[in-house]
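# A closer look at the structure
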Protein chains: 2
Amino acid sequence: MKLKVYADRMSQPSRAVIIFCKVNGIEYEEIKVDVSKRQHLTPEFADINPMKKVPAIVDGRFKLFESHAILIYLACAFPGVADHWYPADLFKRSKIHSVLDWHHSNLRHGAVTYVLNTTLAPALGLPLNPQAAAEAEKLLSSSLSKIESIWLKGSGLFLLGGNQPTIADLSLVCELMQLEVLEEKDRTRLLGPHKKVQQWIENTRNATRPHFDEVHKVIFKVKEKLQVQRLKGASNDGTESSMKKPLLSKM
Amino acid sequence: MKLKVYADRMSQPSRAVIIFCKVNGIEYEEIKVDVSKRQHLTPEFADINPMKKVPAIVDGRFKLFESHAILIYLACAFPGVADHWYPADLFKRSKIHSVLDWHHSNLRHGAVTYVLNTTLAPALGLPLNPQAAAEAEKLLSSSLSKIESIWLKGSGLFLLGGNQPTIADLSLVCELMQLEVLEEKDRTRLLGPHKKVQQWIENTRNATRPHFDEVHKVIFKVKEKLQVQRLKGASNDGTESSMKKPLLSKM
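Residues numbered from 1 in each chain as written. Chains lettered and ligands numbered in written order. Predicted model: local features only at pLDDT ≥ 70, side-chain atom pairs only at ≥ 80, totals over all residues. Heavy atoms only, no water.

With that out of the way, let us pick up the relation of the copies chain B and chain A. Rotating chain B by 180 degrees and translating it 0.0 Å along the rotation axis places it on chain A, where the RMSD comes to 0.0 Å. Read as a symmetry element, the transformation amounts to a two-fold axis. Both copies present the same face, since 100% of the interface residues in chain B are matched by interface residues at the equivalent positions in chain A. (Least-squares fit on C-alpha atoms with pLDDT ≥ 70 in both. Contact = heavy atoms within 4.5 Å.)

According to UniProt, the feature "domain: GST N-terminal" (unreviewed entry) maps to residues 1-82 of chain A in the numbering used here. With 35% helix and 22% strand, residues 1-82 of chain A has its two end C-alpha atoms placed 23 Å apart. (UniProt positions renumbered as here; feature names shortened; annotations may be inferred. Helix = DSSP H or I, 4+ residues; strand = E, 2+ residues; numbered from the N terminus.)

Right, let's talk about the pattern of salt bridges for a bit. Inspection of every chain in the model, using the stated rule, returns 34 salt bridges over all chains. For K223 of chain A, the salt bridge identified is with E184 of chain A, shortest N-O distance 3.8 Å. One end of the pair, K223 of chain A, is in helix α10 (residues 217-235); the other, E184 of chain A, is in helix α7 (residues 184-191), and 39 residues separate them in sequence. Accessibility expressed as a relative area gives 13% for K223 of chain A, which makes it buried. The closest approach of N and O atoms between R187 of chain B and E184 of chain B, which form a salt bridge, is 3.4 Å. Taken together, the positions of R187 of chain B and E184 of chain B, both in helix α7 (residues 184-191) and three residues apart, correspond to about one turn of that helix. (Salt bridge = Lys/Arg side-chain N within 4 Å of Asp/Glu carboxyl O. Buried < 20%, exposed > 50% of the residue type's maximum accessible area, 1.4 Å probe, protein only.)

The subject of this paragraph is the nonpolar core. Across soluble globular proteins, nonpolar side chains show a tendency to be buried alongside one another. All names here are of chain A. Core analysis: the biggest nonpolar cluster contains 75 residues, and F20, L74, I147 and W200 have the highest contact counts within it. Sort the elements by how many residues they give to this core and helix α4 (residues 90-120) lands first, with nine residues. Beyond its immediate sequence surroundings of up to four residues, I147 is in contact with W102, L107, L152, L159, L172, V197 and W200. (Core = buried A, V, L, I, M, F, W, Y, C linked by side-chain atoms within 4.5 Å.)

Residue and element names in this part refer to chain A. Note: strand β3 (residues 56-59) against strand β4 (residues 62-65), four bridges, orientation antiparallel. Note that in β4 the partner of V58 across the bridge is K63. Between β3 and the antiparallel strand that follows it, β4, lie two residues; G60 among them carries a positive phi value of about 65 degrees. (Pairing = 2+ DSSP bridges.)

Residue and element names in this part refer to chain A. By domain assignment, chain A separates into domain 1 (3-81) and domain 2 (90-223). Distance from the C-alpha centre of domain 1 to the C-alpha centre of domain 2: 20 Å. Taken together, the contacts link 18 residues of domain 1 with 25 residues of domain 2. Where domain 1 packs against domain 2, one counts eight residue pairs in polar contact (both at pLDDT 80 or more). Every element with two or more residues in the side of domain 1 that touches domain 2 is listed here: α1 (12-23) and α3 (67-77). (Domains from an automatic or database assignment. Polar contact = N/O pair within 3.5 Å; in protein donor to acceptor, adjacent residues only side chain to side chain.)

Before going further, it helps to spend a moment on unusual backbone geometry. Trans peptide bonds make up most of the peptide bonds, and negative phi angles are found at most residues other than glycine. Residue and element names in this part refer to chain A. R209 connects to P210 through a cis peptide bond whose omega is 0 degrees. Phi at R38 takes a positive value of approximately 60 degrees, unusual for a residue other than glycine. Mapped onto the elements of the fold, R38 is located in the loop between β2 (28-32) and α2 (43-48). Here R38 falls in the exposed class, since its relative accessible area comes to 52%. Although it is not a glycine, K52 sits at a positive phi angle of roughly 60 degrees. For K52, the location among the structural elements is in the loop between α2 and β3.

Okay, the sheet that holds strand β2 (residues 28-32) of chain B next. Residues and elements named next belong to chain B. In spatial order, the strands read β2-β1-β3-β4; together these four strands make up an open sheet with mixed pairing. Edge positions in the sheet fall to β2 and β4 (62-65), since each has one partner strand and no second. On average, adjacent strands in this sheet sit at an angle of 20 degrees to one another, irrespective of strand direction. Running at roughly 150 degrees to strand β1 (residues 3-7), helix α1 (residues 12-23) makes contact with β1 and β2 of the sheet. Running over the sheet, helix α3 (residues 67-77) touches β1, β3 (56-59) and β4 and is turned about 135 degrees from β4. (Axes fitted to C-alpha atoms, helices over the stretch in contact; angles between N-to-C directions.)

Quick look at the sheet that holds β4 of chain A now. Residues and elements named next belong to chain A. Reading across the sheet, the four strands line up as β2-β1-β3-β4 and stay open at both edges, with mixed pairing between neighbours. Edge positions in the open sheet fall to β2 and β4, since each of these has one partner strand only. Strand-to-strand twist of the sheet, defined as the mean angle between neighbouring strand axes without regard to direction, takes the value 20 degrees. Summarising the sheet, strand β1 (residues 3-7) and β3 pair through three bridges and their orientation is antiparallel. Residue pairing across strands places K4 opposite V58, the latter belonging to β3.

Further remarks concern α1 of chain A. Residue and element names in this part refer to chain A. In this model α1 runs 16 Å from its N-terminal to its C-terminal C-alpha over 12 residues, within 8% of the 16 Å that 1.5 Å per residue would give. When you tally the buried positions in α1, you get 10 out of 12 residues, the bulk of the element. For α1, the set of buried residues is Q12, P13, S14, R15, A16, V17, I18, I19, F20 and C21. Two residues or fewer after α1 comes G25, characterised by a positive phi angle close to 60 degrees. (Expected span 1.5 Å × (residues − 1).)

This next bit is on the packing of helix α5 (residues 130-151) of chain A against α7 of chain A. All names here are of chain A. Their axes nearest at 9 Å, the elements α5 and α7 cross at an angle of 45 degrees. Taken together, the axes of α5 and α7 lie oblique to each other. The residues of α7 that touch α5, namely those facing E137, L140, S141 and L144, are R189, L190 and L191. Taken together, the residues that form the contact of α5 with α7 break down as four nonpolar, one polar and two charged. (Parallel < 35°, antiparallel > 145°, perpendicular 65-115°, else oblique. Nonpolar A, V, L, I, M, F, W, Y, C, P; charged D, E, K, R; others polar.)

A few words on the packing of aromatic side chains. One pass over the full model with this rule turns up 14 aromatic pairs over all chains. Ring centres of Y73 of chain A and F91 of chain B lie 6.1 Å apart, and the angle between their planes is 45 degrees; this geometry places the pair in the tilted category. One end of the pair, Y73 of chain A, is in helix α3; the other, F91 of chain B, is in helix α4 (residues 90-120), on a second chain. Accessibility expressed as a relative area gives 40% for F91 of chain B, which makes it partly exposed. Ring centres of F62 of chain B and Y73 of chain B lie 5.0 Å apart, and the angle between their planes is 35 degrees; this geometry places the pair in the tilted category. Of the two residues, F62 of chain B is situated in strand β4 and Y73 of chain B in helix α3; the sequence distance between them amounts to 11 residues. Here F62 of chain B and Y73 of chain B have matching classes, each one buried. (Phe/Tyr/Trp six-rings, centres within 6.5 Å; stacked < 30°, edge-to-face > 60°.)

Laid out in structure tokens, this is it:
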């Protein structure tokens, strides 16, 4: 029975899992769980993941959620996956765990909270929260500085000085790709100071093409839609009510 | 060269790592990094962990931070560690990863933010934030409900239905032990509805005694001090200035 991946490509950890499967030739069936339509809250999906979040997988009788746990499982369960993604070497593997653990409360928390409270909240029926966005920006900026100065400090192409990507590169870069939906001035302010981070995003994209671009198409479509709406908004009364519906229908 | 563990026993992930070493007979040297004295921010400690957080370990030439990554490393690097802590079986191991990943943004985020903003902030020179505490309480309560209804739903003594503890039990229970410093009415309100969670804390304590109690002594001393100060506070003008200094000197 084929691996089932329950995912919404608007979710960055979902994208990481899908790209990983595609790059490594893992046969899978993608089952869309549309978060904007609250499909993750249905009893059917709760049976797959009782935490009601995407992504989740079902492999035969085995169910699993949390994207980092899924990436590790896939790297171990499918013999075709190259060692560099999740090396058997204990020291290398432990450093990858350390990056992935750090990710949760730092880069991820900062990026998700910032993007939600500056951009995506209205499309999910939530209010924008400028104070939460300001606090999240501090965490996001400090996380980017740390990635740049600690894990990208050498001459390697990827985190921890590697010349081939690991699951940590894929997970963290997919997280950062959500910044594409921000206003250009905000994105430039956040990423501009971090040249190595920018190059690392590009390196990860290059190492996982064409799948990286294909799976991120949805993000670029939303980016385009938001840009058009911002231009329209600038030339009319500036209320946001006109933004909400088209974005929702897209998501 | 002996394993070095850089830790502050007031930090719940530090306690998890120390208890793990003790229970498994791992020889180690504990190096105190006093967070209340900002010792984690020194250049010397930044050389151990550039993220400036406890715990961190040095094992020969190998340095590692993030407690979950450390627990996994120790379980793999020290052959004396029993398999149940971090099973070699891929399916069991993956479920443990899933619990540990979930922990970061749910139980941990809720518990740390709640305890800080109701109780510990003044001792760290920070203001209490009732709004942040109220939001954290929601996340903490919902996290406790999920642990109770999902991972403790069977008749096993530990998470995921096990009859022996894993590193996930140790990590999450150490997180919950910080609730001991709360006012009793708050702790009862939070933990009272979750009978299985209460039993699981006790089971984890029993499985790791006497080390669990010894390593948590510091928490019970702070609890006692805070109780005395609350009683004193209730019988004088009620300002908090009298609470701050004695607690700091203890921490």
